[in-house]
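Coordinate analysis (summary)
Here is what each chain is made of, one letter per residue.
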Amino acid sequence: MTTSNGIEILRHYILDGCQVKVADVAPLAAPGALDDALSRLSHYRRDKTLRYRFERGKMLSAGAGLLLDDMLMDRGLRERDMRYVEGEHGKPSLEQYPHLHFSLSHSGTLVACAMGEMPLGVDIQTIAVARESLVNYTLSDDEKAMLRALDGPDAQNAYFTQLWTLKECYAKATGTGLTHDFPSFAVVDGQVRALSPLSPPARFFVFSVDGSRGAVAML
């Protein structure tokens, strides 16, 4: 489904306490589409988009803004009217609507947005190679053992990517972002949903879109 602002909605999840949408920003590659997208967005989002050097980064940033706009329109609001404040680690929030939490992520040509009335985070990633440096940065010892027990690089890369999205979305929900000590908590069950120990506690939702992996954390 193509929205009125030009991006293609691929998934819409309605969870207990929040909504998640995933969209493809490929339509923004059409002549004039990116400029039109920027004209629909707030100064904050335009400035953020124009800091990207390459066209693909600009498309993803603008597409994330358009997806946020689409979700705000469901509530009778518009992104272009929003004023933003940033937390200690740069997590943005809506100054006029502090009760309304949102999170954005993008990878490949996909963007994801989660929105609800509790702190939350979303992450989406194309399948990443489980390089040793990333594995050591991200995973606990138990998770490394589970990863190495899997048969073949495809299974290992898919599992690693899902673990990464779970940890990243939790770090976004808490507002710590990349400063979080990722190996300090572990995915401990075979469904890669339960993280322990966690403070504050969270509920998780995992999804897959066009070969990419995604996850949402709700505190």
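Note that the structure is a prediction, hence the values are computed from the model and not measured. (Residues numbered from 1 in each chain as written. Predicted model: local features only at pLDDT ≥ 70, side-chain atom pairs only at ≥ 80, totals over all residues. Heavy atoms only, no water.)

In the structure shown here, the tally under the stated rule is seven aromatic pairs. Ring geometry for Tyr 44 against Tyr 84: centres 4.3 Å apart, planes inclined by 15°, an arrangement best described as stacked. In this pair, Tyr 44 is assigned in helix α2 (residues 43-50) and Tyr 84 in strand β3 (residues 84-86), connecting sequence segments 40 residues apart. Of the residues examined, Tyr 84 reaches a relative accessible area of 15% and is grouped as buried. Clustering of aromatic rings is evident, with ring pairs tying together Tyr 13, Phe 205 and Phe 207. (Phe/Tyr/Trp six-rings, centres within 6.5 Å; stacked < 30°, edge-to-face > 60°. Helix = DSSP H or I, 4+ residues; strand = E, 2+ residues; numbered from the N terminus. Buried < 20%, exposed > 50% of the residue type's maximum accessible area, 1.4 Å probe, protein only.)

Turning our eyes to something else, we now look at the packing of α2 against helix α3 (residues 55-73). At a minimum axis distance of 8 Å, the contact between α2 and α3 shows a crossing angle of 160°. Between α2 and α3, the angle falls in the class roughly antiparallel. Judged by the twist between their axes, the crossing of α2 over α3 is right-handed. Mapping the contact onto sequence places Arg 45, Lys 48, Thr 49 and Leu 50 in α2 and Lys 58, Ser 61, Ala 62, Ala 64 and Gly 65 in α3. (Axes fitted to C-alpha atoms, helices over the stretch in contact; angles between N-to-C directions. Parallel < 35°, antiparallel > 145°, perpendicular 65-115°, else oblique. Left-handed = near helix turned anticlockwise from the far one by under 90°. Contact = heavy atoms within 4.5 Å.)

The subject of this paragraph is the pattern of salt bridges. In this structure the tally under the stated criterion is eight salt bridges. Linking Lys 172 and Asp 123 is a salt bridge whose minimum nitrogen-to-oxygen distance equals 3.6 Å. Of this pair, Lys 172 sits in helix α6 (residues 153-174) while Asp 123 sits in strand β7 (residues 120-125); the two residues are 49 residues apart in sequence, bridging distant segments of the chain. Judged on exposure class, the residue Lys 172 and its partner Asp 123 are both buried. Residues Glu 132 and Arg 148 are paired through a salt bridge, measuring 3.1 Å at the closest nitrogen-oxygen approach. Of this pair, Glu 132 sits in helix α4 (residues 132-138) while Arg 148 sits in helix α5 (residues 141-149), and the two are 16 residues apart along the sequence. One network of salt bridges, in which partners are shared, links Lys 21, Asp 70 and Asp 74. (Salt bridge = Lys/Arg side-chain N within 4 Å of Asp/Glu carboxyl O.)

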